[in-house]
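Fold and contact review
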Amino acid sequence: MSETTIFRKIIDREIPADIVYEDDLCLAFNDINPQSPTHVLLIPKKEIPTVNELVEEDQTLMGHLLLVAGKLAGQLGLDGGYRLVINCGRDGGQEVDHIHIHILGGRGMSWPPG
Ligand code: AMP
């Protein structure tokens, strides 16, 4: 049984979010604690806790998310580049157990990440 996360509540409009994109499969909204001038979270509407729970049937969904991420980055004016991040599990720094892509941009990114 999966627990209801804060992202499920955003999808269901039970709590507010600054939504920047939505379609049948996914939703994007500004991160409440931005780590860069642009910091958008892109989530599937399907509840998948982490990358580890992805199954074969999710391939098209995850491909769709990447296509949307690229289009959104363009719409957000991230012409100089940007970073996509999917944290997974405790060591990966994941706090919300609903898979999400961070779209980070608006400043130069360093490597390695912290
Ligand atoms: P992660 O650490 O990869 O699980 O990322 C979770 C992200 O969700 C963090 O960057 C948080 O700032 C963000 N976050 C948590 N609650 C909210 C919320 N209510 N609205 C928008 N972003 C949120």
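Here is what the cut-offs are and how they apply
Residues numbered from 1 in each chain as written. Predicted model: local features only at pLDDT ≥ 70, side-chain atom pairs only at ≥ 80, totals over all residues. Heavy atoms only, no water. Pairing = 2+ DSSP bridges. Helix = DSSP H or I, 4+ residues; strand = E, 2+ residues; numbered from the N terminus. Axes fitted to C-alpha atoms, helices over the stretch in contact; angles between N-to-C directions. Contact = heavy atoms within 4.5 Å. pLDDT = per-residue confidence, 0-100. Phe/Tyr/Trp six-rings, centres within 6.5 Å; stacked < 30°, edge-to-face > 60°. Buried < 20%, exposed > 50% of the residue type's maximum accessible area, 1.4 Å probe, protein only. Near = heavy atom within 4 Å. Polar contact = N/O pair within 3.5 Å; in protein donor to acceptor, adjacent residues only side chain to side chain. Areas by Shrake-Rupley, 256 points an atom, 1.4 Å probe, with all protein chains shown as cover. Nonpolar A, V, L, I, M, F, W, Y, C, P; charged D, E, K, R; others polar.

1. Considerations on the sheet that holds strand β4 (residues 82-85)
The strand order across the open sheet built from 5 strands is β1-β2-β3-β5-β4, with neighbouring strands paired in antiparallel fashion. Unpaired on one side and paired on the other, β1 (19-22) and β4 mark the two borders of the sheet. Taking each pair of neighbouring strands and ignoring which way they run, the sheet shows an average axis angle of 20°. The pairing of strand β2 (residues 26-30) with strand β3 (residues 38-44) spans 5 bridges and is classified as antiparallel. Of the residues in β3, the one forming a bridge with A28 is L42. Together, β1, β2, β3, β4 and β5 (101-105) form the strand contacts of helix α2 (residues 59-75), whose direction differs from that of β3 by roughly 155°.

2. Observations concerning the confidence of the model for the protein chain
Counting all residues, the mean pLDDT for the protein chain is 97, and 98% of those residues have values of 70 or more. Within the protein chain, no element has a lower average pLDDT than helix α3 (residues 89-92), which sits at 97, and none a higher one than β3, at 99.

3. So, unusual backbone geometry
The amide bond that connects W111 to the next residue, P112, takes the cis arrangement and shows omega of 0°. Following the sequence through the fold, P112 ends up in the segment after β5. For R13, which is not a glycine, the phi torsion comes out positive at approximately 60°.

4. Some details on the packing of aromatic side chains
This model, assessed by the stated rule, comprises 1 aromatic pair. Both rings, one in F7 and one in F29, keep their centres 5.4 Å apart while their planes meet at 70°; by these two values the pair is edge-to-face. A residue pair is termed long-range when its members are at least 10 positions apart, and F7 in helix α1 (residues 6-11) and F29 in strand β2 qualify at 22 residues. The buried category is assigned to F29, whose relative accessible area is 2%.

5. Description of the site of the ligand
Taken together, the neighbourhood of the ligand is formed by 16 residues, with D31, N87, E95, H100 and H102 sitting nearest. Within the backbone of E95, one N or O atom sits 2.6 Å away from an oxygen atom of the ligand. At 2.8 Å from an oxygen atom of the ligand is found a side-chain nitrogen or oxygen belonging to H100. When isolated, the ligand has an accessible area of 500 Å², and the protein chains bury 86% of it. Listed by contribution, the elements that provide at least two residues to the shell around the ligand are α1 and β2. No other element matches the 3 residues that α1 contributes to the shell around the ligand. Of the residues contributing to the shell around the ligand, the split by class is 7 nonpolar, 7 polar and 2 charged.

6. Comments concerning the environment of N87
Tracing the backbone shows N87 in the loop between β4 and α3. Spatially, the C-alpha atoms of N87 and L41 are 12 Å apart, while their sequence positions differ by 46 residues. When sequence neighbours within four positions are dropped, the list of residues in contact with N87 reads G92, G93, Q94 and H102.

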